[in-house]
Amino acid sequence: MSVRTELLLGLRREVLGPRQSCYETLPASQDPRNEFITGVLIPRDAEDEAAREPEDEADTLGTGTDEYQDDDADEEIPVAAAPVLDPKSLPRSLGISFIVSEPAGVEPAIEICATWARYRTEKSPQDNSQIFIRVPNCYVTPEPVGASRNQIIAEVDQVQISLRSSPIPGTHNTYKVSIYLVNETALRTSANPNEKVRVETSHLIFQPQIRVVLSGRAELLPFDSFKPASAVPEPGSLDEEDESLSLIYQDYQAYARGHLCAVVWKEIDPERPCTARQENLLEWVDGEVVESQYGRPQFNKFVLPHCRTEYVPCYPVQSPEIGWREGLTQQDPELSAVRLSEIWNPMAMQEALQPLVDGYLTWIASQEAQISTLDSRYHRAANRHLAVCRRAAQRVQEAIALICQNEEVRLAFCFANKAISLQASWRRPGEFRWRPFQLAFVLMNIPAIADPLHQDRLTCDLLAFATGGGKTEAYLGLAAFTLGLRRLRSEQDTNNHRTGHGVSVISRYTLRLLTIQQFRRALGLIVACEVLRVHNT
């Protein structure tokens, strides 16, 4: 098992549980209500101040803005109130919504498996001390349930499982289905219904989960409701952002939505079978009780459902390609920082950097050719994205021309490459090579740094990349260029010392450990710059 897998499983056991097994035992010092910070449902009618629920709470699961809301539902299904956005609030329920369709022309049907657990207090047989015993429970529908009408599925162990359904307008035999699991544990007795009862650990539901399997030819449909605005959206508006995100993530559709939890579906379920070179990150802990109560066939049916709820979701993100793509240009760009620092001839510099722009323009042309294959609703966003890409290419081209024409800018660029290479050699042996996006980011910002009146001074460039991708080297390289250029242009004092024009870069970090780590890396760059200054004085 890899370290990453161990960390994920350890996190899940720590925040959600169970920590040992399906039938685990915890000592009195580990009260589950204090140990687990997610996947805990309090009773529906609880008035415990710890819940921090306001009296005028009106939001309910399954309501609110919804393009598929059915206002003419014949039957009212009680749904637990959702907690406000307060991190100290505890929910009363969880739910899952999805869109199901039956192409055969009959009513779509689904099968449901719900699991949950309670922790009972008992005396330890060894030393008579108090312990918490995990008591798992489950419910599996005995036969497929019709997905076209509202209904109470079951009430087991003071847990209510309900289904709400509404037809999708403009479709045939397609419904939006929502399934809820609510903690209906009674806290008041019939003898004294007004008496407040203190919420105990045994009243809480832990690790609840809903699993759904489609029957027959029923299929899940994605929640793809994006429709571009008729008018061109304002730059920077939410409508423009929605268009962009819909284009970027068109191949990553959501097939379910969670209520007070996350959801996963079969294609992205971390419990799905993996290849020999991969690892199963999670396992269905409460599948043991399902198998013991309903048999192996039911366990096999629900071990990999079409969709299910999840409190600790995980999703593998593939590492992006960060190297230069072969075949974009006849000659590859020069990415070695040492070699770039030693090029002084303008023609040689042009030859070293120009493939970066040419390759980018080739890639832009290939993307432009694909616009005709996209759905028409994505065309406006695609053209807007390519316009931004072309502008970036123009900025890089302008920087290359400036470096070749202006000796001060060229010297500062060479200085920055030398400083980056030197500080990198102190951290690890070997040659430092720019990743294409790093060098492009440095280049596209050079004209505005060199010219205080440049129009790009009004542009704030955001470098977004995954952790460990090399953002730090990119902005440190730009910082080294700025420091070198300002020192070259600074005036000399009476002792012929350059003043440096004061502060050049302001950096701010939101995390203390990140601040320390980034400070050390910035310090390495500054020391490298100073070494080069002293060595060449």
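Remember, predicted model here, so these are calculated numbers, not experimental data.

What counts, and where the lines are drawn
- Residues numbered from 1 in each chain as written.
- Predicted model: local features only at pLDDT ≥ 70, side-chain atom pairs only at ≥ 80, totals over all residues.
- Heavy atoms only, no water.
- Helix = DSSP H or I, 4+ residues; strand = E, 2+ residues; numbered from the N terminus.
- Buried < 20%, exposed > 50% of the residue type's maximum accessible area, 1.4 Å probe, protein only.
- Contact = heavy atoms within 4.5 Å.
- Areas by Shrake-Rupley, 256 points an atom, 1.4 Å probe, with all protein chains shown as cover.
- Phe/Tyr/Trp six-rings, centres within 6.5 Å; stacked < 30°, edge-to-face > 60°.
- Patch = residues over 30% accessible without salt bridge, like charges linked within 9 Å, V, L, I, M, F, W, Y side chains within 5 Å.
- Salt bridge = Lys/Arg side-chain N within 4 Å of Asp/Glu carboxyl O.
- Axes fitted to C-alpha atoms, helices over the stretch in contact; angles between N-to-C directions.
- Parallel < 35°, antiparallel > 145°, perpendicular 65-115°, else oblique.
- Nonpolar A, V, L, I, M, F, W, Y, C, P; charged D, E, K, R; others polar.
- Pairing = 2+ DSSP bridges.
- 1 Å grid on protein atoms, 1.4 Å probe; cavity = no way out; pocket = protein on both sides within 12 Å on 5 of 7 lines; lining within 4 Å.
- Points joined across faces, edges and corners; volume = space filled by probe spheres on them.
- Core = buried A, V, L, I, M, F, W, Y, C linked by side-chain atoms within 4.5 Å.
- pLDDT = per-residue confidence, 0-100.
- Polar contact = N/O pair within 3.5 Å; in protein donor to acceptor, adjacent residues only side chain to side chain.
- Expected span 1.5 Å × (residues − 1).

Engineer: What is the right way to read the overall build of the protein from this model?
Structural biologist: Summing up its helical and strand segments, the protein has twelve helices and 14 strands in all. Put simply, the protein has 537 residues, and 44% of those count as buried. Across the protein, contacts joining residues at least 24 apart in sequence account for 73% of those joining residues at least 6 apart. As displayed, the protein has an accessible area near 29,900 Å², and 52% of this comes from carbon and sulfur atoms.

Engineer: It is not clear to me how the packing of aromatic side chains should be interpreted in this structure. Could you clarify?
Structural biologist: Two aromatic rings, taken as a pair, are described by how far apart their centres are and by the angle between their planes. Within the structure shown, the criterion is met by eight aromatic pairs. When the ring of Phe36 is compared with that of Tyr119, the centres are 6.1 Å apart and the planes differ by 45 degrees; the resulting orientation is tilted. Of this pair, Phe36 sits in the loop between α2 (32-35) and β2 (40-41) while Tyr119 sits in strand β4 (residues 109-123), and the two are 83 residues apart along the sequence. By relative accessible area, Phe36 is classed as buried at 3%. Consider the rings of Phe432 and Trp434, whose centres lie 5.2 Å apart with planes at 80 degrees: the pair is edge-to-face. Like Trp434, Phe432 is buried.

Engineer: For this particular structure, what's the right way to read a nonpolar patch on the surface?
Structural biologist: A surface patch of nonpolar side chains, amounting to about 700 Å² of accessible area, comprises Leu245, Ile248, Tyr249, Tyr252, Tyr315 and Val317. Structurally, the position occupied by Tyr252 is in the loop between α3 (238-248) and β12 (257-259).

Engineer: Can you walk me through the packing of helix α8 (residues 379-405) against helix α9 (residues 407-427) in this structure?
Structural biologist: How two helices sit against one another is set out by the angle between their axes and by the gap between those axes. It is at 5 Å that the axes of α8 and α9 come closest, and there the two elements cross at 105 degrees. The angle between the axes of α8 and α9 places the two elements in the roughly perpendicular class. Residues Leu402, Ile403, Cys404 and Gln405 of α8 lie in contact with α9, whose contacting residues are Glu407, Val409, Arg410 and Phe413. Along the lines of polarity and charge, the residues of the contact of α8 with α9 split into five nonpolar, one polar and two charged.

Engineer: Could you clarify how one ought to interpret the pairing of strand β9 (residues 174-183) in this entry?
Structural biologist: Each regular strand carries side chains that alternate between the two faces of the sheet. Across the ten residues of β9, ten count as buried, placing the element largely inside the fold. By the alternation rule, side chains of β9 split into Thr174, Lys176, Ser178, Tyr180 and Val182 and Tyr175, Val177, Ile179, Leu181 and Asn183, which are all buried. In terms of strand pairing, strand β3 (residues 93-101) meets β9 through nine bridges, oriented antiparallel. Residue pairing across strands places Ser93 opposite Val182, the latter belonging to β9. Here strand β8 (residues 159-167) folds back onto β9, and the loop between the two strands holds six residues, one of which, Gly170, carries a positive phi near 80 degrees.

Engineer: How do you make sense of empty space enclosed by the protein when you look at a structure like this?
Structural biologist: Any space left empty among the atoms is revealed by the rolling of a water-sized probe across them. Counted under the stated rule, the structure contains three cavities of 30 Å³ or more. A volume near 150 Å³ is recorded for the largest cavity. Breaking the lining of the largest cavity down by element, the ones donating at least two residues are β10 (205-214) and β14 (307-310). Ranked by the residues each element gives to the lining of the largest cavity, the list is headed by β10, at four residues. A per-class count over the lining of the largest cavity returns six nonpolar, five polar and seven charged.

Engineer: Where do I start with the nonpolar core in this structure?
Structural biologist: Nonpolar side chains in soluble globular proteins tend to end up buried together. Counting 45 residues, the largest nonpolar core has Leu340, Met349, Leu353, Phe413, Leu439, Leu443 and Ile446 as its most contacted members. Contributing elements (two or more residues each) for this core: α6 (337-341), α7 (346-369), α8, α9, α10 (436-450), α11 (471-489) and α12 (512-535). When residues no more than four places from it in sequence are discounted, the contact partners of Met349 are Leu340, Ile343, Ile403, Cys404, Arg410, Phe413 and Cys414.

Engineer: Got a minute to help me understand the confidence of the model for the protein in this structure?
Structural biologist: Note that predicted coordinates carrying low pLDDT should not be read in detail. The pLDDT averaged across the protein works out to 87; a share of 88% of its residues lies at or above 70. The lowest-confidence element of the protein is α12, averaging 88 in pLDDT; the highest-confidence one is β10, averaging 98.

Engineer: What exactly am I supposed to notice about the side chain of Gln151 here?
Structural biologist: Assignment of secondary structure puts Gln151 in strand β7 (residues 151-156). Gln151 sits in the buried class, given a relative accessible area of 13%. Among the polar contacts listed, one links the side chain of Gln151 to the backbone oxygen of Gly146, at a separation of 3.1 Å.

Engineer: Please clarify how α9 should be interpreted in this entry.
Structural biologist: The periodicity of an α-helix, 3.6 residues per turn, causes residues three or four places apart in sequence to face the same way. With 21 residues, α9 should reach 30 Å at 1.5 Å per residue; the first-to-last C-alpha distance of 31 Å fits that figure. Burial in α9 covers these residues: Val409, Arg410, Ala412, Phe413, Cys414, Ala416, Asn417, Ala419, Ile420, Ser421, Gln423 and Ala424. Structurally, α9 contributes buried residues whose contacts are with α6, α7, α8, α10, α11 and α12. Two or three places before Glu408, at the opening of α9, Asn406 has a side-chain oxygen 2.9 Å from that residue's backbone nitrogen.

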